[in-house]
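Analysis of the macromolecular model
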Amino acid sequence: MINVLNVAEKPSVAKSVATILSRNQQHGMRVRDGRSRYNKIFEFNYVINGQPCHMLMTSVTGHLMELDFEDRFRKWHSCDPADLYHAPVRKYVPEDKIDIKRTLEEEARRCQWLILWLDCDREGENIAFEVMDVCGAANHNLTIWRARFSALIDREIHEAAQNLISPNQCFSDAVDARQEIDLRIGASFTRFQTMLLRDKFVIDSAQDDRNLVLSYGPCQFPTLGFIVERYWEIQSHEPEEFWTINCSHKSDEGIANFSWMRGHLFDYTSAVILYEMCVQEPTATVMKVHQQEKRKYPPHPLSTIELEKRASRYFRMSSELTMKVAEDLYQAGFISYPRTETDGFSSRTDLHTIVREQQEHPVWGSYAQRLLDPGTELWRNPGSGGHDDKAHPPIHPTKFSAGESAWSLDHHRVYELVVRHFLACVSQPAIGAETIVEIDIAGEQFSASGRVILVKNYLDVYRFESWGSSMIPTYVQGQRFLPTTLALDSGVTRPPPLLSEADLLSCMDKAGIGTDATMHDHIKKLLDRFYATKDTNTRFSPTNLGEALVMGYDDMGYELWKPNLRSMMEFDMKQVSMGCKRKAEVLDTCLQQMKACFLDARVNKVKLLEAMAIFFGRSDRYGGNDHHVAAEIVRPCGLCQESNMVLRRSRCRNAIWLPGPVLEATVSTNICNCCTPGPVYLIQFKFRQLEIPPGFNVNHLGCIGGCDETLRQLIEICGTGSRVQGNKVPSQNCAVARGGSLVIERSCSIYICRSFNSKVTMFGIKKLFPWHRL
């Protein structure tokens, strides 16, 4: 009989696997203590491919080893932070896991085989190689196997035991590369910005700012960048009034609300002229009646990111809590492995059996029965979102439960979501009949639509989604009628909302920031470090500290807070996991690139100091010279009456928008005699010759206090840079002066003539004709 050491990732998983494999044995299973009292050893007999085995099942608790610098580089002042990009590192077993290590060594010495039951993702593979290193050092003759499974249920565990494979070195190398990259980048930037900023400012988020750590993480900062960027977008938004024509028609069959097919106009005069034309000839003619069948398709099978997003959207659960609850359900055998990128089932998966197990549920059991009845024609083989991590199937239920007594409300919610989502994705889409009616009033087109749901199908079980019905009267082409109402309504443009947790996860997923198993950790770190806050609607705002740090790096001109660099790193690490690139090659490229960024950031550290000075007061502990971070003061802020407005190339909360054609702007020593509160310093502007109307000078000494007629006219004619997206110019060309900042954007208003047939770019023409700016 062969002695086999089995190692799982957690004590609970070890117990579950041992219980399944030892079931129905005559003498049962023996349990004894190891060196660590939390990591028991389970002993039982089992047969693997005809070979009798004496199984010893134990566990680790996550990573057995840690990666860190050698001792002489670990103290913050022991070396230049730039040295951390090439300082020697080592992997070692920390003191709190020495007992686990001793257990593995002792048990390995009396075994012939080692079977690794670690979680079947990259991280689990890396832990497997850590266990191999410890056990292999104690017994060089071990035969090593890997068990691959996706759920802690009998079928999966027995199948894994009978189909052992070799460990995947590439998966482990990818994690080693990520760990080393994150350690070196994180440590260097964290030491740099903490030592630079902590003692110079009074940071209100810190209870003890002497021990404050201003951490930097290669995934953490791009995640913060998404939050800050959306916040800046909201702050820079200028509400703008628009006008639209709305029309309704009421008959015996109901009421139809027609929308203007132009949408809305920003030019009031143009809107009034078109409205008056409609009022003078109000008879509506039905131009088109289009009827079609519409289908609302069920969601793709459930991946980790979708689970987190939907739990946040439906239950307002944080991604961190969602993953904790999902892990509990997985370890108890109720759902499959919850860390997966796969959103399509393999043809080998027995989907009918999974549905069959849910037939007895008091709520959705009847729907499961309908699914399995061929006469209902409700079944549909699920689609795929096109993602497959080659390791795990989508998240799905693995064991029936009507609700366990020990479950919290969150456990009930996540289990229900997983089950209903699975039942929905094997169901037919909802079917509706949609009617679109287009009418003409005095040459203006309007449309209305109505929908009737014919068959709900998957919507019967997926209570989280809806598809509303809206009835409209019957119309025929050529029909003429007088509208019941015809009104010119006004509205105001609104900024986008703050990012919700589901939005943030989508941004991270799209940009390749983090993995399905780590995204929730990066979000949690932002909250823990007080770089961002989350409100009751799960929407994120940056704190002053988070905004200041991003602003400082943005002012340097580097995209350290953007996702691009990390996306490339994640792509390279995926290439390592696939065997397309070597770990050493990726390490060398990434670290060389990031060291160059670090050295440049250090040269431009004044930008970080300037950004922090906008939000935080100076610390008494700092006795340095401040002249290098002093900005050019223009005037006291008219909004808060407390702070000064300065000319800088960054972003702040209060804004005064300048004309788009501004090329350069410099604060002068001249003071305006009119504007209060003063003093208000005049600014020397230089405009782009080709972008200003005739009669305006390229050079202008102007005031932003509100008295300058030239600036007012240029803003009216040329607009500002705030409303044109994706048309930004390099930061040396200034266009927008803001509170504590100077932001660079470029705008040239586009006007469209009264006929609405051709677009032209002109200056001053708005004074002569009713032009509409797009």
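**Things to note about unusual backbone geometry**
The general pattern is negative phi for most residues beyond glycine and trans for most peptide bonds. Residue Pro677 is reached from Thr676 by a cis peptide bond, and omega for that bond is -5 degrees. Relative to the helices and strands, Pro677 is located in the loop between strand S23 (662-671) and strand S24 (681-687). With an omega dihedral of 0 degrees, the bond running from Gly678 to Pro679 counts as a cis peptide bond. Looking at the secondary structure, you find Pro679 in the loop between S23 and S24. Phi is positive for Glu377, which is not a glycine, with a value near 55 degrees. For Glu377, the location among the structural elements is in the loop between helix H11 (365-372) and helix H12 (409-425). Here Phe530, not a glycine, exhibits a phi torsion of approximately 60 degrees, which is positive. Inspection of the secondary structure puts Phe530 in the loop between helix H14 (519-528) and strand S17 (532-534).

**Quick word on helix H4 (residues 154-162)**
Residues lying three or four places apart along an α-helix face the same way, a consequence of the helix completing one turn every 3.6 residues. What H4 keeps buried is the set Ile157, Ala160 and Ala161. For H4, the buried positions fall inside an angular range of 100 degrees around the axis, keeping them on one side. Looking at the packing, one finds that the buried side of H4 touches helix H1 (11-22), strand S3 (41-48) and strand S7 (113-117).

**Observations regarding the sheet that holds S24**
Taken in spatial order, the 3 strands make up an open sheet running S23-S24-S25, and their pairing is antiparallel. Both outer strands of the open sheet, S23 and strand S25 (699-702), are each paired with one neighbouring strand and no more. Ignoring strand direction, the axes of neighbouring strands in this sheet form an average angle of 20 degrees.

**Looking at the packing of helix H6 (residues 220-235) against helix H13 (residues 501-511)**
Between H6 and H13, the shortest axis-to-axis distance is 10 Å and the interhelical angle comes to 125 degrees. With respect to their mutual orientation, H6 and H13 come out oblique. H6 and H13 meet at a crossing whose hand is right-handed. When H6 is examined against H13, the residues Thr223, Phe226 and Ile227 are found in contact with a partner set consisting of Leu504, Cys507, Met508 and Ala511. Each residue belonging to the contact of H6 with H13 can be placed in one class, and the counts come to 6 nonpolar, 1 polar and no charged.

**Notes on the confidence of the model for the chain**
Taken as a whole, the chain shows an average pLDDT of 86; of its residues, 87% reach a score of 70 or greater. The model gives residues 626-631 a pLDDT under 50, and that stretch makes 11 contacts with residues more than four places away or in other chains. Confidence drops under pLDDT 50 across residues 649-653; counting only partners more than four residues distant or on other chains, this segment forms 32 contacts.

**Some words on the pairing of S7**
Burial of S7 is extensive: 5 of the 5 residues sit out of reach of the surface. Going residue by residue along S7, you find Trp113, Ile115 and Trp117 tucked away on one face and Leu114 and Leu116 tucked away on the opposite face as well. Examined bridge by bridge, strand S1 (residues 2-8) and S7 share 5 bridges and lie parallel to one another. Paired with Asn6 across the two strands is Ile115, which belongs to S7.

**Some points on the nonpolar core**
Counting residues in hydrophobic clusters, the biggest one holds 68 residues, and the most contacted among them are Leu21, Trp117, Phe422 and Leu423. The element contributing the most residues to this core is H12, with 9 residues. Setting aside its immediate chain neighbours within four residues, Leu21 contacts Phe44, Tyr46, Met55, Trp117, Ile157, His158 and Ala161. Core analysis: the next-biggest nonpolar cluster, separate from the first, contains 63 residues, Ile185, Phe201, Leu214 and Trp561 among them.

**Things to note about the packing of aromatic side chains**
A complete count under the given rule lists 29 aromatic pairs for this structure. Each ring, one from Tyr85 and one from Phe598, has its centre 5.9 Å from the other, and the planes form 50 degrees; the classification is tilted. On the criterion of sequence distance, the pair formed by Tyr85 in the loop between strand S5 (66-69) and strand S6 (89-92) and Phe598 in helix H17 (residues 583-603) is long-range, its members being 513 residues apart. With respect to burial, Tyr85 and Phe598 carry one shared label: buried. With centroids separated by 6.3 Å and ring planes inclined at 65 degrees, the aromatic side chains of Trp113 and Trp145 adopt a geometry described as edge-to-face. Remark: Trp145 occurs in strand S8 (residues 143-146) and Trp113 occurs in strand S7; sequence separation between them is 32 residues. Trp113 sits in the buried class, given a relative accessible area of 16%. An aromatic cluster of three or more residues is present, and its members are Tyr85, Phe189, Phe192, Tyr216, Phe221, Tyr531, Tyr553 and Phe598. The ring of Tyr92 carries the charged tip of Arg90 above its face, separated from the ring centre by 4.3 Å. In this structure, Lys399 is placed above the aromatic ring of Phe334, and the distance from its NZ or CZ to the ring centre is 4.5 Å.

**Quick look at the sheet that holds strand S11 (residues 254-260)**
Taken together, 7 strands build an open sheet; the order of strands is S15-S12-S13-S14-S11-S10-S16 and the sheet is antiparallel. Here the strands that pair on one side only, and so sit at the sheet edges, are strand S15 (480-481) and strand S16 (485-492). The sheet contact formed by strand S10 (residues 241-251) and S16 spans 8 bridges and is antiparallel. Across the sheet, residue Thr244 finds its bridge partner in S16, namely Asp489. Each of S10, S11, strand S13 (430-441), strand S14 (444-455) and S16 is contacted by helix H7 (residues 268-280), which is oriented at about 170 degrees to S16, the strand it contacts most.

**What about the environment of Glu438?**
Inspection of the secondary structure puts Glu438 in strand S13. Taking relative accessible area as the criterion, Glu438 reaches 22% and is therefore assigned partly exposed. Sequence-wise, Glu438 and Thr285 are 153 residues apart; in three dimensions their C-alpha atoms are separated by 8.6 Å. Dropping the residues within four chain positions of it, Glu438 is found in contact with Met261, Thr285, Val286, Met287, Lys288, Phe446 and Ser447.

**Some points on the pattern of salt bridges**
Applying the stated criterion across every chain, the model contains 48 salt bridges. Ionic pairing is found between Arg30 and Glu43, a salt bridge with its closest N-O pair at 2.8 Å. Of this pair, Arg30 sits in strand S2 (residues 30-32) while Glu43 sits in strand S3, placing them 13 residues apart in sequence. Glu43 sits in the buried class, given a relative accessible area of 8%. For Arg566, the salt bridge identified is with Glu570, shortest N-O distance 3.3 Å. On the criterion of helical spacing, the pair formed by Arg566 and Glu570 is a turn pair, its members being 4 residues apart in helix H16 (residues 564-577). Connected through salt bridges with shared partners, the residues Glu9, Lys10, Asp119, Glu327 and Arg339 form a single ionic network.

**Here's the deal with H13**
What H13 keeps buried is the set Glu501, Ala502, Leu504, Leu505, Met508 and Ala511. Positive backbone phi, approximately 75 degrees, marks Gly512, located one or two places after H13.

**Points about the packing of helix H9 (residues 319-331) against H14**
In the contact formed by H9 and H14, the axes pass within 8 Å of each other and the chain directions differ by 135 degrees. Classed by the angle they form, the pair H9 and H14 counts as oblique. When you trace H9 past H14, the crossing you get is left-handed. Here Ser319, Glu320 and Met323 of H9 come into contact with H14, specifically with His520, Ile523 and Lys524.

**A look at the environment of His140**
Tracing the chain through its elements places His140 in the loop between helix H3 (122-138) and S8. With 31 residues separating them in the primary sequence, His140 and Arg109 have C-alpha atoms 9.0 Å apart. Of note is the side chain of His140, whose polar atom sits 3.3 Å from the backbone oxygen of Gly136.

Calculation rules
- Residues numbered from 1 in each chain as written.
- Predicted model: local features only at pLDDT ≥ 70, side-chain atom pairs only at ≥ 80, totals over all residues.
- Heavy atoms only, no water.
- Helix = DSSP H or I, 4+ residues; strand = E, 2+ residues; numbered from the N terminus.
- Buried < 20%, exposed > 50% of the residue type's maximum accessible area, 1.4 Å probe, protein only.
- Arc of directions from axis to C-beta.
- Contact = heavy atoms within 4.5 Å.
- Pairing = 2+ DSSP bridges.
- Axes fitted to C-alpha atoms, helices over the stretch in contact; angles between N-to-C directions.
- Parallel < 35°, antiparallel > 145°, perpendicular 65-115°, else oblique.
- Left-handed = near helix turned anticlockwise from the far one by under 90°.
- Nonpolar A, V, L, I, M, F, W, Y, C, P; charged D, E, K, R; others polar.
- pLDDT = per-residue confidence, 0-100.
- Core = buried A, V, L, I, M, F, W, Y, C linked by side-chain atoms within 4.5 Å.
- Phe/Tyr/Trp six-rings, centres within 6.5 Å; stacked < 30°, edge-to-face > 60°.
- Lys NZ or Arg CZ within 6 Å of the ring centre and 35° of its normal.
- Salt bridge = Lys/Arg side-chain N within 4 Å of Asp/Glu carboxyl O.
- Polar contact = N/O pair within 3.5 Å; in protein donor to acceptor, adjacent residues only side chain to side chain.

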